[in-house]
Amino acid sequence: MQNLPFEFSHGGYIKESTVQQKIALQPPTTEAIDVETDFDYLFPDIARDSNSLLPADNNQDVIKKLKELGDAIIDRQSPEPEDDNSTIPPVYTYWGQFIDHDITANTDRAVTDLQTDITKDDFTPLSPDFVTDNLKNLRRPTFDLDSVYGDGPTLDPKNPTEAKDFYQEDDPVKLKVGQNAKQNANGVPTLGAKIPPESDLSRDLPRNNRIAVIGDSRNDENLIVAQFHTAFLRFHNAVVDWVRQNEPNNAQDNKKLFVRAQTLVRWHYQWLVVNDFLQTVTASKTVDSIFSDGLKFYHPRNGNLFMPLEFSVAAYRFGHSMVRAAYDYNRNFTNQPGALADATFNLLFAFTGRRDIGGPPGPGPSETLPFNWIIEWDRFVDKESAAKRQRNSARKIDTHLALPLSELINEGNKDPKDQDPIQKLLRHLAKRNLLRGYFLSIPTGQSLADKLGIKKLTVEELKQDNSPELNQALEPFLEKTPAWYYVLKESEVRAKGDSLGEVGSRIVAETIIGLIKNDPSSYLNDSEHEDDRDHVWNPSNGVKLPNGSEIRVISDFLKFAGVLPA
Ligand code: HEM
């Protein structure tokens, strides 16, 4: 385990000296579990067939055209279009991001000893062999919540864990939760309404010098994912209380209690990922067919789980198109009458440790999250309102991305005014995704469709309803389409943007179910229950809400965590 805190920042472009300065200023706070696991291609044969890749020879031209395509994918106007609303509530966007941070990291950083990266105008795509030999995933590809637990609490003082700071000193089986501020760092009282229950001010990430003390600092990248991580901390602690009360045999000593609580949290999470998250974001019947007919594509390699690059670098980045430029966040920050201000993307990215929790463009730094920014989850979870109200839905999964995703305020050197081309590129998510796919030799959408046995998108479908600008930028890629664009377009034309299409659904569901199914400690392999989908562990074997209800959808989870009124 490294001694220094490892700060996950998308892109890894923080200068070494900046990290060293931060370390000198504050004690280690942001730690991740120190692992390196394998990335590999789900379809190694097509990744090694040049016919299935974008051309590698005239690379400078391809790079230029990918950048044009990236530009054309971004909204032109603000506020965002009124007709880009899916039937998916916005919690699924950030739940999706939370899942990404639990299982995959590092596709956006320099590969060992590599002198080039996507910021160069003339980079050459890496050969698949080089990628799999040198690029390592800095996450365990299992749904074990290492982003929440790190390597666990210190229960034996002789064997301290790296993650000991994540856990409460007086009750080390519980995770620390942060307290909300009532005033900013200059003593200016926080304005706005309190969020019910008003006395509950334990709704922030634990922080040290404003930096979140959690297993993956990417979960403090924006306020919604940070509040989602906070819900996990609270859910774990509520499960500990539940076990103490309902299963005294499992609470006899701290080790037994922690293992039991952690297992329950993981299994509830995994069950919800399969039965709520995947059922919502993938095409209907995808999940059921994998359970009835078995996994067709994801199988461990040499006995090891691996993270498919087609998932991390293309298909699973579908979530970027669901991100909104502004939300109905809570009673203080929304576009409704009487609000203090709108919950714009830039504000949601300002109230994080990366931006001094309210530093520019916010009202001024605070030590922890002010109480007026506690999220009201009821605005994020309801499928009925999602279908009716723009702000209560995720954007459609389609080839249109919100404008602020081309000006990410927490990426690059964080100075939005810096016009240096490298900094501008780092703040532009659509360009980064497309260039990353090229750099890491991700097969085209058409070759993935062929491999999966799914009817390819026609040229007409690839161009359907596109602006003239987008179609012009797409022209060079009509035969060989970057996988990320293809997955978004497939969703748009074949599923109305309300779920992934078939190629996207298959890659995402095969990977996620494949990882859970092949993890011996997952709920699907619980030895106490039969190995049969109807009889494996399920929420009837887990914790219950005070009214006896089971945890079957994400809103039940948030209720049990005490962050959504029951
Ligand atoms: C506000 C929202 C988000 C922002 C600002 C954001 C930003 C980023 C950035 C800057 C990268 C690195 C890009 C590169 O250079 O390769 C990235 C990677 C990624 N993002 Fe997002 N993202 C967001 C939400 C999401 C969501 C909702 C999902 C999925 C549902 C997602 C999935 C991924 C994946 C899979 C990666 C690759 C991770 C790896 O390195 O393995 N992101 N994101």
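Residues numbered from 1 in each chain as written. Predicted model: local features only at pLDDT ≥ 70, side-chain atom pairs only at ≥ 80, totals over all residues.

**Student:** Before we move on, can you summarise the overall build of the protein with the specific residues and values?
**Tutor:** A tally of helices and strands in the protein yields 21 helices and seven strands. Rg of the C-alpha trace for the protein: 23 Å, near the compact-globule value of 24 Å for 566 residues, within the 12% margin. Of all 566 residues assigned to the protein, the portion counted as buried reaches 52%. Contacts spanning at least 24 positions in sequence make up 75% of the contacts within the protein whose residues lie at least 6 apart. (Helix = DSSP H or I, 4+ residues; strand = E, 2+ residues; numbered from the N terminus. Rg over C-alpha atoms; globule rule 2.2 N^0.38 Å. Buried ≥ 20, exposed ≤ 12 C-beta atoms within 10 Å, placed from the backbone. Contact = placed C-beta atoms within 7 Å.)

**Student:** Tell me what's going on with the nonpolar core, and back it up with residues and numbers.
**Tutor:** Among the nonpolar cores identified, the biggest contains 154 residues, and Leu69, Trp95, Ala261, Val273, Ala315, Val487 and Leu558 are the most heavily contacted of them. Take this core: its biggest share by element is 14 residues, from helix α8 (residues 254-281). Excluding residues within four positions of it along the chain, leucine 558 makes contact with Ala231, Trp377, Val381, Val563 and Leu564. (Core = buried A, V, L, I, M, F, W, Y, C linked by C-beta atoms within 7 Å.)

**Student:** Give me the lowdown on the sheet that holds strand β2 (residues 136-137), citing residues and values where you can.
**Tutor:** Pairing within the open sheet is mixed, and its three strands lie in the order β2-β1-β5. In this open sheet, the two edge strands, each paired with only one partner strand, are β2 and β5 (306-308). Note that strand β1 (residues 37-40) and β2 share two bridges and pair antiparallel. For threonine 37, the partnering residue across the bridge sits in β2 and is asparagine 137. (Pairing = 2+ DSSP bridges.)

**Student:** Residue-level account of the pairing of β1, with values.
**Tutor:** Bridge count for β1 against β5 is three bridges, and the pairing is parallel. Residue pairing across strands places aspartate 40 opposite proline 308, the latter belonging to β5.

**Student:** Kindly report on unusual backbone geometry, identifying the contributing residues and their values.
**Tutor:** Following serine 78, the chain continues to proline 79 via a peptide bond in cis, the omega torsion being 0°. By the element assignment, proline 79 lies in the loop between α3 (59-73) and α4 (91-103). Omega for the bond connecting proline 360 with proline 361 falls within 30 degrees of zero, at 10°, which places this linkage in the cis form. Look at leucine 145: it is not a glycine, yet its phi comes out positive at around 60°. In this structure, leucine 145 sits in the loop between β2 and α6 (146-149). One non-glycine residue, aspartate 465, lies in positive phi territory at about 60°. Positionally, aspartate 465 belongs in the loop between α17 (459-463) and α18 (468-474).

**Student:** Got a sec to walk through the environment of leucine 135? Specific residues and values, please.
**Tutor:** Its location among the elements puts leucine 135 in the loop between α5 (128-134) and β2. Judged by the 22 C-beta atoms lying within 10 Å of it, leucine 135 falls in the buried class.

**Student:** An account of the environment of threonine 161 is needed here, citing residue identities and associated values.
**Tutor:** Checked against the element boundaries, threonine 161 lands in the loop between α6 and β3 (207-208). On the neighbour-count criterion, threonine 161 (20 C-beta atoms within 10 Å) is buried. Put simply, threonine 161 and alanine 350 are 189 residues apart on the chain and 31 Å apart in space, counted from C-alpha to C-alpha. Beyond its immediate chain neighbours, meaning those up to four positions away, threonine 161 contacts Asp151, Gly152, Pro153 and Thr154.

**Student:** So what about helix α7 (residues 223-246)? Which residues, and what values?
**Tutor:** Compared with an ideal rise of 1.5 Å per residue, which puts 24 residues at 34 Å, α7 spans 34 Å between its outermost C-alpha atoms and is within 8% of the ideal. Buried residues dominate α7, accounting for 18 of its 24 residues. (Expected span 1.5 Å × (residues − 1).)

**Student:** Tell me about α3, and please be specific about residues and values.
**Tutor:** At 3.6 residues per turn, the α-helix brings residues three or four places apart onto the same side. Its 15 residues place the ends of α3 21 Å apart at the C-alpha level, agreeing with the 21 Å of an ideal helix rising 1.5 Å per residue. Every buried residue belonging to α3 is among Val62, Ile63, Leu66, Leu69, Gly70, Ala72 and Ile73, and all of these are buried. Looking at the buried positions of α3, the neighbouring elements they touch are α15 (429-439), α18 and α19 (483-495).

**Student:** Can you lay out the packing of α19 against helix α20 (residues 502-517) for me, pointing to particular residues and giving the numbers?
**Tutor:** Here α19 crosses α20 at 120°, and the two axes come no closer than 7 Å. Taken together, the axes of α19 and α20 are oblique relative to one another. Within the contact between the two elements, α19 uses Tyr486, Val487, Glu490, Ser491 and Arg494 and α20 uses Glu502, Val503 and Gly504. For the contact of α19 with α20, the per-class residue count stands at three nonpolar, two polar and three charged. (Axes fitted to C-alpha atoms, helices over the stretch in contact; angles between N-to-C directions. Parallel < 35°, antiparallel > 145°, perpendicular 65-115°, else oblique. Nonpolar A, V, L, I, M, F, W, Y, C, P; charged D, E, K, R; others polar.)

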